[in-house]
Amino acid sequence: MAKRIRVGVNGFGTIGKRVADAVARQPDLELIGVAKTRPSFEAEDAIRRGYPLYVSGGGDRAAFASAGIATAGTLDDLLSDVDVIVDAAPDKVGRENAALYRAKGIRAIFQGGEKADVAQASFNAMANYAVGHDKQSLRVVSCNTTGLARAAALIDRSWGVESWDATIVRRAADPAESKKGPINGILPTFQMPSHHGPDVRTVLQDLPITTLAVVVPTTLMHVHVNRVRLRHPPANAAEIARTLAASPRFRLFRGWERVEGTPQVMEFARDRGLGHNDVMENVLWEEGIGLHGADLHFFQAIHQESIVVPENVDAIRSMFSLAPNAEASMAITDRALGLLVEGKSIPAR
Ligand SMILES: NC(=O)c1ccc[n+]([C@@H]2O[C@H](COP(=O)([O-])OP(=O)(O)OC[C@H]3O[C@@H](n4cnc5c(N)ncnc54)[C@H](OP(=O)(O)O)[C@@H]3O)[C@@H](O)[C@H]2O)c1
């Protein structure tokens, strides 16, 4: 068997712990260790899962020791032992860490909380898988951008996009966060258009997309309200629903499934029981796809905590040329994660 790529994860919070689990399940990757600054229940969980734990960001090994949590070394030690580091530290800390990775000559994957120029290219598997080949650094775009980029890549290749307007209804905080809001109220984002459209164009340069955003008091998921003018509209909305449902990383709920909104999506996720009860797919409703002339209207829900997880795995595979194309990489990733793979394919152009 070919040598597996050795991966470290720096930052073991919402995204980092999920990426670590996903990496550990891949046949061609090896999780060498994870790093965080302070002891916590998550640090203890890393040990329980068998992940060597390293201390990063000026953290103190003695603080871990006094909590009874064994550490394997510092971030510097971890970096000496990996081919690539996935940085999942808080927003803007990744940029500070980038200098460390460069000094060590270690390839790095950053997250969407960093500005695009933190890395040589921004990445989304469905939109621009090949961009990663031989890059030293990549940035996996944010949760909202990932959801939009996946849908746009698919819809553009199937029917052509003349224009795309999206309103992003953003969750106020992740479920584990207790210091963010609002807890009552709807906050318009006064940056108009919002930053999401330009961010989508870091992976789909020519997409004519404009976005607005509002923040609402929920923690479960984001919802996108989309109007897309198609260049070559299909005969009916059912064809669009069929195409999206048959594509990897899309989950279409039928009317009879009685999924009215994000609460039932998350209940479905709890019942399905993938790691952390995640939903890594773009979530669509059959009844939430309408075609009116050339105008496609559709809703999609995005599980912000997990949608970028498979993309991080594909970014590594692209960087090290471990798979011939997006479809092949996504199939390996998704099979290992327990997502539906059989019968799924990306439509040909
Ligand atoms: N959460 C989302 O919805 C979401 C979605 C997509 C992308 N992202 C992006 O993913 C990145 C990580 O976000 P997150 O939500 O996972 O944040 P998070 O939950 O706050 O986790 C960040 C982790 O990094 C650790 N950390 C703090 N300072 C560090 C340092 N100097 N070096 C290494 N680790 C450090 C934190 O724990 P300790 O302080 O205890 O070490 C924590 O474990 C951000 O760029 C974010 O924008 C987040």
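Residues numbered from 1 in each chain as written. Predicted model: local features only at pLDDT ≥ 70, side-chain atom pairs only at ≥ 80, totals over all residues.

1. Observations concerning the nonpolar core
Of all hydrophobic cores here, the largest spans 99 residues; its most connected members are V7, A149 and A152. In terms of residues, this core owes the most to one element, helix α7 (residues 143–159), which gives nine residues. For this core, the domains that each give at least three residues are domain 1 (5–141 + 308–337) and domain 2 (143–302). Setting aside its immediate chain neighbours within four residues, A152 contacts V161, W164, V200, L204, L207 and I209. (Core = buried A, V, L, I, M, F, W, Y, C linked by C-beta atoms within 7 Å. Buried ≥ 20, exposed ≤ 12 C-beta atoms within 10 Å, placed from the backbone. Helix = DSSP H or I, 4+ residues; strand = E, 2+ residues; numbered from the N terminus. Domains from an automatic or database assignment. Contact = placed C-beta atoms within 7 Å.)

2. Quick look at the site of the ligand
Within the structure, the ligand sits among 30 residues, and G11, G13, T37, G57 and G113 are positioned closest to it. Those elements giving two or more residues to the shell around the ligand turn out to be α1 (14–24), β2 (29–36) and α5 (93–104). It is α1 that contributes the most residues to the shell around the ligand, three residues altogether. Broken down by class, the residue content of the shell around the ligand amounts to nine nonpolar, 15 polar and six charged. (Near = placed C-beta within 6 Å. Nonpolar A, V, L, I, M, F, W, Y, C, P; charged D, E, K, R; others polar.)

3. Examining the sheet that holds strand β13 (residues 250–253)
The mixed open sheet is built from seven strands, whose spatial order is β10-β11-β9-β12-β15-β14-β13. Two strands lie at the open edges of the sheet, namely β10 (187–188) and β13, each paired on one side alone. When strand β9 (residues 161–171) meets strand β11 (residues 209–216), the two strands line up parallel, connected through eight bridges. The residue bridging R171 from the neighbouring strand is V216, located in β11. Helix α9 (residues 237–245) contacts β13, β14 (282–292) and β15 (295–302) of the sheet and is inclined by roughly 160° relative to β14. (Pairing = 2+ DSSP bridges. Axes fitted to C-alpha atoms, helices over the stretch in contact; angles between N-to-C directions.)

4. A look at the domain arrangement of the protein chain
You can read the domains of the protein chain as domain 1 (5–141 + 308–337) and domain 2 (143–302). Relative to domain 2, the C-alpha centre of domain 1 lies at a distance of 26 Å. Counting residues at the interface gives 19 residues for domain 1, matched by 20 residues for domain 2. Residue assignment for the side of domain 1 that touches domain 2 shows that the elements contributing at least two residues are α1, β7 (121–123), α6 (125–128), α11 (309–319) and α12 (326–337). In terms of residue class, the side of domain 1 that touches domain 2 is made up of ten nonpolar, five polar and four charged.

5. Some thoughts on the sheet that holds strand β8 (residues 137–140)
Strand order in the open sheet formed by eight strands is β4-β3-β2-β1-β5-β6-β8-β7, and the pairing between neighbours is parallel. Only two strands of the sheet have a single neighbouring strand rather than two, namely β4 (73–74) and β7. Where strand β1 (residues 5–10) meets β2, six bridges bridge the pair, whose relative direction is parallel. Looking across to β2, one finds that N10 is bridged to A35. Together, β1, β2 and β5 (84–87) form the strand contacts of α1, whose direction differs from that of β2 by roughly 160°.

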